Amino acid sequence: MSHFLHAHIREIIDLTDDEFEILQGFFTKKRFRKRQFLIQEHQPVHEIFLIEKGILKSSIIDDTGKEHILQFAAPNWWISDFAGFFKQETSSLAVECIEDSEVYAVSYEDLNILCSKVPTMERFFRIKSNFGYVALQQRILSLMSKSAKERYEDFIQQYPGFIDHIPKQLIASYLGVSRETLSRLYS
């Protein structure tokens, strides 16, 4: 079994070797190239992804063609269109690789089977979901109440080292500012 997957799960819960043996059968390791989509808007969402290597983004394109980035995700983070996944509806977001990436994927059906066969995995996913809710709330509050400079400083703190790996245009979109405003913030 993947040492990465094993270590990631053990950060939250302890499982026996037999439970880990069961668990590994439900995850599929996948590789994607830079600019490749894992999920496209208006398509069914079959999987959620744990990132082992690479940087990904979830975003939406509005009616004017402007991209709005909801999330960046790095190793040890989960990404998907979670509403589409858990409600088993089509996606409102796209998930795309910013650089070559390796992920572990689990389908909706397999996630439910896994949690019934290894009940402590329900606790793992509940805790991970709670972390996601907290991060989303913080992001929304930041967009509502902080200046562009404060949001930029939060970005650098939340995503250390990303500034050199993510194109500035994408960072500007994530922060809700123009590319020119971003240039003034980091110069």
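What counts and how
- Residues numbered from 1 in each chain as written.
- Predicted model: local features only at pLDDT ≥ 70, side-chain atom pairs only at ≥ 80, totals over all residues.
- Heavy atoms only, no water.
- Pairing = 2+ DSSP bridges.
- Helix = DSSP H or I, 4+ residues; strand = E, 2+ residues; numbered from the N terminus.
- Axes fitted to C-alpha atoms, helices over the stretch in contact; angles between N-to-C directions.
- Phe/Tyr/Trp six-rings, centres within 6.5 Å; stacked < 30°, edge-to-face > 60°.
- Buried < 20%, exposed > 50% of the residue type's maximum accessible area, 1.4 Å probe, protein only.
- Lys NZ or Arg CZ within 6 Å of the ring centre and 35° of its normal.
- Arc of directions from axis to C-beta.
- Contact = heavy atoms within 4.5 Å.
- Polar contact = N/O pair within 3.5 Å; in protein donor to acceptor, adjacent residues only side chain to side chain.

Asks: Give me the lowdown on the sheet that holds strand 2 (residues 37–39), citing residues and values where you can.
Replies: With antiparallel pairing, four strands are arranged side by side in an open sheet as 2-7-4-5. The sheet terminates laterally at strand 2 and strand 5 (67–73), the two strands that pair on one side only. Neighbour to neighbour, the strand axes of the sheet diverge by 30° on average, direction disregarded. Judged from the two bridges that link them, strand 2 and strand 7 (residues 94–97) form a sheet pairing that is antiparallel. Paired with Ile-39 across the two strands is Val-95, which belongs to strand 7.

Asks: Describe the sheet that holds strand 3 (residues 47–53), with residues and values.
Replies: Here we have four strands laid out as an open sheet, ordered 1-8-3-6, and antiparallel in their pairing. Lying at the two open borders of the sheet, with one neighbouring strand each, are strand 1 (28–32) and strand 6 (78–79). Relative to strand 8 (residues 101–107), strand 1 runs antiparallel, the two sharing five bridges. Looking at strand 8, one finds that Phe-32 is bridged to Ser-101.

Asks: Break down the packing of aromatic side chains for me, with residues and values.
Replies: Applying the stated criterion across every chain yields a total of 16 aromatic pairs. With a centroid separation of 5.3 Å and 35° between ring planes, the pair formed by Trp-77 and Tyr-159 is classed as tilted. Of this pair, Trp-77 sits in the loop between strand 5 and strand 6 while Tyr-159 sits in the loop between helix 6 (148–158) and helix 7 (168–175), and the two are 82 residues apart along the sequence. A relative accessible area of 27% means that Trp-77 is categorised as partly exposed. Pairing Phe-82 with Phe-86 gives two aromatic rings, centres 6.5 Å apart and planes at 15°, and the pair type is stacked. Placement of both Phe-82 and Phe-86 in helix 3 (residues 82–87) is noted, with a separation of four residues, approximately one turn of the helix. Overall, Phe-82 belongs to the partly exposed group, its relative accessible area being 32%. Residue class for Phe-86 comes out partly exposed when judged on its relative accessible area of 42%. In this structure an aromatic cluster arises from ring pairing among Phe-72, Trp-77, Phe-155, Tyr-159, Phe-162 and Tyr-174. A cation over an aromatic ring shows up here: Arg-139 above the ring of Tyr-174, its NZ or CZ 3.7 Å from the ring centre.

Asks: Hey, could you go over helix 1 (residues 3–10) for me, with residue numbers and the actual values?
Replies: Restricting attention to buried positions, one finds in helix 1 the residues Phe-4, Leu-5, His-8 and Ile-9. Projected down its long axis, helix 1 carries its buried residues within an arc of 125°, all on one side. Residues of helix 1 that are buried make contact with helix 2 (17–24), strand 3, strand 6, strand 8 and helix 5 (120–145). Among the residues of helix 1, the N-terminal cap falls to Ser-2, whose side-chain oxygen and the backbone nitrogen of Phe-4 are separated by 3.1 Å.

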